[in-house]
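Observations on chain architecture
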Amino acid sequence: MEYFLIFISAIFVNNIVLSQFLGICPFLGVSKKIGTAAGMGVAVTFVLTIAVIVTYALQVWVLNPLGLGFLQTILFILVIAGLVQMLETVLKKVSPALYQALGIFLPLITTNCCILGVSILVANGTYNAQGMEPSLLVGVIYAFCTTNEFALPLIIFAGIREQLALAKIPEGMQGMSIALITAGLLALAFMGFSGVDQGVARALGL
């Protein structure tokens, strides 16, 4: 049940995009069509899950014992970039169809601060896990839930933007202006879920 609470909290209460403001660049740049938004969501799921495992291992077994915590950010960036390149090469060899489906989204993940942010949160044990003791398993579950909390608002936002493209919007509000206003309204909508995780926890007796 604790893992279910992590899922609820990650998606609705502490949304990585709308509450913590990580991954804003792809949220605004890859959300013009639902298809591209879904493709980015799938690509983030692949990379973030692997990145969290590798960066957590580096933090616990290399950086912390050697007192090299100050190298965390630069090392994690290099690891994520290397993972993206490696995953791209492997997919191109093993599954050309999936490689073609992901297309440009894999290279774009290198500059997605959502990946780096979640990796640092899990490595430092500072993520919200409903009071559970930080561990690799809990961190991976949190990271997987984070990919859903990244993909859900991205796809919803893409659907809204597709509808906005058909609407009569004043010239001064077209383009990024109306997109930012819509993103703000979507963030306000998700704020309505505040406290849902605590209510569910009380209902389950946790």
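So, here's what we can say about the structure. (Residues numbered from 1 in each chain as written. Predicted model: local features only at pLDDT ≥ 70, side-chain atom pairs only at ≥ 80, totals over all residues. Heavy atoms only, no water.)

Observations regarding the overall build of the protein chain
Definition in use: Every helix listed is a DSSP run of H or I at least four residues long, and every strand listed is a run of E at least two residues long, numbered separately from the N terminus. Each residue is placed in one exposure class: buried if its accessible area under a 1.4 Å probe, protein chains only, is under 20% of its type's maximum, exposed if it is over 50%, and partly exposed if it falls in between. Contacts are assigned to residue pairs that have any heavy atoms within 4.5 Å of one another. Values of accessible area rely on a 1.4 Å probe in the Shrake-Rupley scheme; residue burial ignores everything except the protein chains shown.
Scanning the protein chain for helices and strands turns up 10 helices and 0 strands. In sequence order, the secondary structure elements of the protein chain are arranged as α-α-α-α-α-α-α-α-α-α. Out of the 206 residues belonging to the protein chain, those deemed buried represent 41%. When contacts within the protein chain are restricted to residue pairs at least 6 apart in sequence, those whose partners lie at least 24 apart make up 78%. For the protein chain, the accessible surface area stands at approximately 10,500 Å², while carbon and sulfur atoms represent 70% of it.

Description of the packing of aromatic side chains
Given two aromatic rings, their pairing is described by the distance between the two centres and the angle made by the two planes. Stated precisely, the cut-off is as follows: Whether two aromatic rings pair depends on their centres lying within 6.5 Å, for rings of Phe, Tyr and Trp, where Trp uses its six-membered ring; planes under 30 degrees apart make the pair stacked, over 60 edge-to-face, and the rest tilted.
By the definition in use, this model includes 1 aromatic pair. Between Phe 27 and Phe 157, the ring centres sit 4.5 Å apart and the planes meet at 10 degrees, which makes this aromatic pair stacked. You can see Phe 27 sitting in helix H2 (residues 24–29) and its partner Phe 157 sitting in helix H8 (residues 136–164), a full 130 residues away along the chain. The same class applies to Phe 27 as to Phe 157, namely buried.

Here's the deal with the nonpolar core
Put simply, the rule reads: Residue types Ala, Val, Leu, Ile, Met, Phe, Trp, Tyr and Cys, when buried and joined through side-chain atoms within 4.5 Å, form a set referred to as a nonpolar core.
Counting 50 residues, the largest nonpolar core has Phe 27, Met 40, Ile 109, Ile 115, Val 118 and Phe 150 as the members making the most contacts within it. Looking at this core, the elements with two or more residues in it are H2, helix H3 (34–66), helix H4 (72–94), helix H6 (105–109), helix H7 (113–124), H8 and helix H9 (176–191). Broken down by element, the residue count for this core peaks at 10 residues, all from H3. With sequence-adjacent residues up to four places away left out, Ile 115 is seen in contact with Val 44, Val 47, Leu 48, Ala 51, Ile 80 and Ile 109.

Brief notes about the layout of surface pockets
Note the following rule: Only protein atoms enter the 1 Å grid, on which a cavity is a set of points fitting a 1.4 Å probe that cannot get out and a pocket is an open set with protein on both sides within 12 Å along at least 5 of 7 lines, lining residues being those with an atom within 4 Å of a point. Grid points are joined across faces, edges and corners, and a volume is the space filled by probe spheres set on the points. All residues other than Ala, Val, Leu, Ile, Met, Phe, Trp, Tyr, Cys, Pro, Asp, Glu, Lys and Arg, Gly among them, are scored as polar; the first ten of these are nonpolar and the last four charged.
In this model, the largest pocket occupies a volume close to 190 Å³. As for the largest pocket, its lining consists of Lys 32, Arg 161, Glu 162, Leu 164, Ala 165, Ala 167, Ile 169, Gln 174, Gly 175, Ile 178 and Ala 179. For the lining of the largest pocket, the element with the most residues is H8, which contributes 3 residues. Considered class by class, the residues forming the lining of the largest pocket number 6 nonpolar, 2 polar and 3 charged.

Examining H4
Where we set the bar: A helix is expected to reach a length of 1.5 Å times the quantity of its residues less one.
Helix length check: H4 (23 residues) gives 32 Å between terminal C-alpha atoms against 33 Å at 1.5 Å per residue, within 8%. Of the positions making up H4, those classed as buried are Gln 72, Phe 76, Val 79, Ile 80, Leu 83, Val 84, Leu 87, Glu 88 and Leu 91.

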